[in-house]
Amino acid sequence: MEPLYEPHGVEERWQRTWEDEGLYGAEPDTSRPRFVVAHPPPNVTGPLHFGHALQLALADCLVRWHRMRGFNTVFLTGYDHAGISTQNAVEKHLASQGQNRHDLGRARFEEVVWDWLRLYGRTIMTQFRRTGASMDYRRERFTMDDAYVRAVYRFFVHLYRKGWIYRANRIINWCPFHETSLSDLELVHEEVDDALTYVRYPFADVPSDGVTIATARVPTIVADVAVAVHPDDERWRDAIGRHVLVPYVERAVPVIADERVDPEFGTGALKVTPGHDPLDFEIGRDHGLPEPTAIGPDGRMSEAADGLAGLTQDEAETAILDWLREHGQLEKRESYRHAIALCERCSSRIEPLISLQWWCAMAGIKQPALEALRARRVAYHPESQHRFAIESLESAPDWCISRQLWWGHRLPLWECPDGHVTVEETTPSACAECGSTELTQSDDVLDTWFSSALWPFAILGWPEETDELRAWYPGTLNTTAREIIRLWENRMIFSGLELLGEIPFETVIIHTTVLATDGRRMSKSLGTGIDPVEVIDEHGADATRYGLLKVSSTQDSRFSYGAIEEGRKLANKLWNASRLLLQAGEAPVEERPKTLEERWILARLSQAQRGLESDLASFDFAHAVDTLYHLTFDDFCDWYLESIKPRLYARDGDAIATGYAALERLLELLHPVMPHVTEEIWGHLPARRGRLIVAPWPEADESHAADADALVRVQEAAEMFRRSGVRVALEGEELRIFEAVVRPGSAAGDGNAAAEIERLHKEIARAEGMLANERFVQNAPADVVEAERGKLERYRRELDALDG
RNA sequence: GGGCGGUUAGCUCAGUUGGGAGAGCACCAGCUCGACAAGCUGGGGGUCACUGGUUCGAGCCCAGUACCGCCCACCA
């Protein structure tokens, strides 16, 4: 063993070995309690980021812990086809070759996507392995696998037959580049400098007077169907019920009253364009207004207005502004900064358009999920996210499930020439309504989250009744980021309840967002991104896991090289502690405690183990790694190993055997966080067969834990020593331990007695003050007062010892 | 605009039911001993963001303010 632990090579070797030996693999086994994690499938084209790395560290830590504890443990993985994301990646690739998808046609485009995936996709699973994630990679699934597609179709048909899937014309978000509808959750908002234009709409009967509105969307004027004002707005009270002329098209439209108009904005009068604005759409429907459109799916002006058809919106704006100036109806333009919606994939400006889409009604399907959440039959951690999950499900609007993309699951829906719709899991031979055999499958594909919603059971073979489904559904745990709760978590919960009658997992851990070191979001465009693979290359996966778990305590945590470095130091320390023991000589791995420090370290290991178990059980990873760090450095290395050193050099068989036994338990406790270095050292222990990854988790030995005498003696002596820096009041075994830890001649030997005496005087004065305060003695609980008396007594004793 | 989180040492962060302000890094001093100088021992360093309140007692509980951040949102 080299003096410097080098994770490179060691880690890759164990990753290969564990997988080759089948130790990552699991088989359905209903005789043992299960621990099942269906990991969120990454996009097939995406690179590993710190969200993944943290998620893997958290989940793998718990997975390895439960595997050691004897649970039937499986960590499942696979890929998401990620419709729009993948299509966008391939379209960019095509663009770099001067092509677009229309040049290829749909069938050829799909082939190109598959080819492209074979070449560039799926590299992320290699990166998953690099983190040490002990996933059953043999069971890797893809949401476009044939079996998975069957599950998706079963789900669709199920919902359709319950009447929960319907088609409706509504305003939706339209991406003019991808030419598809998008959900609100697929948009990003960006502030832009725009112009706010004030336009006078003359009254139809008295054109010299009118209503002035303010708009940021001049081209949509030609599709206006009303002007709306707030019913309580004195300024416009007399206008309500009259008609105004829409500029350019000179169409008479009513002035209506609606409470959704904000009197504070602009002039307090709103032009109503149901075809191109979500709020206007709502107002229009409530007032029974028509819904003309002026902008087409390509983002250009449609034929709605004479002379504008085919123009870009900018061209149309210029034409309309010219018209307004000529007619004296352009009152002013002012600069205006506001947020607009962009496609999160291609950054095109989103057009709100009315469009015929397929929807999933939420009212029925969400009720059992809400009940389950309220009853905490599934629990989000931390608690605040549980509340958020319930609230977002309560307010979930109907789900637009159709997309006009070319990459995804085609809707299992066929139309005949008469427009009858037939919905089947497999291609039907004839129209269910009229028997026509001229059937055409819908061109639409499903929202990618529609298939993601089935992940925890579709990857187990549902709707087939497989052994895996029986053994591993429902699962145990899911981990994800906050923003995914609505997109995925809640949808898995309601679809699992609907299709299998069970929630897919007991617990959802909402992990922190890993921010850049300066506290800003990690992003390529900000230049704040850090590549986790590079960090692993440089510091090792064990150190990276350690560092990520260490900073994972609050809602948003900054990435910290310091925390990674700490993990590296821990691995190196453990490595060298093992070298010390292994160089001492041959002995069995056996507890033969003969001295105070040996009884103490065994008791400390049990004590720390309990703390660790409690931390892991409550998902408090930051405390878990802190416990492990101090156990290893302070207790195991600095106190225990230093104090047995003389006996190690003397080749004391009992000391060596006990040392191995203690090290073995330390390795077991560390394995879930730092799997590679612990497995490597484990292999060097004498007579060690088998692998640490599947070694049984140690029993928290009651006799060790109960060795209160050893714990108290060492701890009190340590405190005494650390406070005073002198060996007064130490004798016997305690004195021997501290002479081993603190070499004679080091500065600490006779150090700061004077400073300590001063400190004790201050403490005594404080305690005496408290006890002299009658209100404290009367009002504070008796045990608190008693404790204070005890402290005072101890300080006086320590002071006496020092003064003597 | 709404929801959530944060503000404690130079930096990154702990602080469990209210009762002696902590860790790691950095810095300083000593140790240089046959695991590790990526080591050991010790030390200096804090108006716990601010203002009120509750309490014998507040980093912790309550109310408010300021600043930072994340997520969400149809102010045209």
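The preceding data block contains the structure.
Residues numbered from 1 in each chain as written. Chains lettered and ligands numbered in written order. Predicted model: local features only at pLDDT ≥ 70, side-chain atom pairs only at ≥ 80, totals over all residues. Heavy atoms only, no water.

## Digging into the overall build of chain A
(1) Moving on: Within chain A, the secondary structure is distributed over 28 helices and 25 strands.
(2) Moving on: Projected onto its principal axes, the C-alpha positions of chain A cover 110 × 70 × 50 Å.
(3) Moving on: Buried positions account for 55% of the 804 residues belonging to chain A.
(4) Moving on: Long-range pairs, those at least 24 residues apart, make up 76% of the contacts in chain A between residues at least 6 apart in sequence.
(5) Moving on: For chain A, the computed accessible surface area is about 34,600 Å², with 48% contributed by carbon and sulfur atoms. (Helix = DSSP H or I, 4+ residues; strand = E, 2+ residues; numbered from the N terminus. Buried < 20%, exposed > 50% of the residue type's maximum accessible area, 1.4 Å probe, protein only. Contact = heavy atoms within 4.5 Å. Areas by Shrake-Rupley, 256 points an atom, 1.4 Å probe, with all protein chains shown as cover.)

## So, the packing of aromatic side chains
(1) Moving on: Scanning all chains against the criterion turns up 24 aromatic pairs.
(2) Moving on: Measuring from centroid to centroid gives 5.7 Å for Phe109 and Trp406, while their planes differ by 75 degrees, and the two rings are edge-to-face. Here Phe109 is found in helix H5 (residues 106-120), whereas its partner Trp406 is found in the loop between strand S17 (402-403) and strand S18 (413-415), with 297 residues between them in sequence. Across the pair, exposure class does not vary: Phe109 and Trp406 are buried alike.
(3) Moving on: An angle of 90 degrees between the planes, with centres 4.9 Å apart, marks the rings of Phe559 and Tyr561 as edge-to-face. (Phe/Tyr/Trp six-rings, centres within 6.5 Å; stacked < 30°, edge-to-face > 60°.)

## Concerning the packing of helix H10 (residues 366-374) against helix H15 (residues 484-500)
(1) Moving on: Between H10 and H15, the least distance of the axes is 8 Å, while the angle of their chain directions is 110 degrees. Between H10 and H15, the interaxial angle falls into the category roughly perpendicular. As H10 packs across H15, the resulting crossing turns out to be right-handed. Between H10 and H15, the contacting residues are Pro368, Ala369, Ala372 and Leu373 on the first element and Asn490, Ile493, Phe494 and Leu497 on the second. (Axes fitted to C-alpha atoms, helices over the stretch in contact; angles between N-to-C directions. Parallel < 35°, antiparallel > 145°, perpendicular 65-115°, else oblique. Left-handed = near helix turned anticlockwise from the far one by under 90°.)

## Let's talk about the environment of Asp701
(1) Moving on: Note on placement: Asp701 falls in the loop between helix H22 (675-682) and helix H23 (702-705).
(2) Moving on: As for Asp701 and Arg403, which are separated by 298 residues in sequence, their C-alpha atoms are 59 Å apart.

## Some details on the pattern of salt bridges
(1) Moving on: As enumerated under the stated definition, the model contains 59 salt bridges in all.
(2) Moving on: The salt bridge partner of Glu468 is Arg139, with a shortest N-O separation of 3.1 Å. Here the residue Glu468 occupies a position in helix H14 (residues 467-472), and Arg139 occupies one in the loop between helix H6 (124-130) and strand S4 (141-142), the gap between them amounting to 329 residues.
(3) Moving on: The exposure class assigned to Glu468 is partly exposed, which follows from its relative accessible area of 21%.
(4) Moving on: Through salt bridges with shared partners, a single ionic network connects Glu27, Asp136, Arg138, Arg139 and Glu468. (Salt bridge = Lys/Arg side-chain N within 4 Å of Asp/Glu carboxyl O.)

## Here's the deal with H22
(1) Moving on: Extensive coverage of H22 is indicated by the burial of eight of its eight residues.
(2) Moving on: Burial in H22 covers these residues: Pro675, His676, Val677, Thr678, Glu679, Glu680, Ile681 and Trp682.

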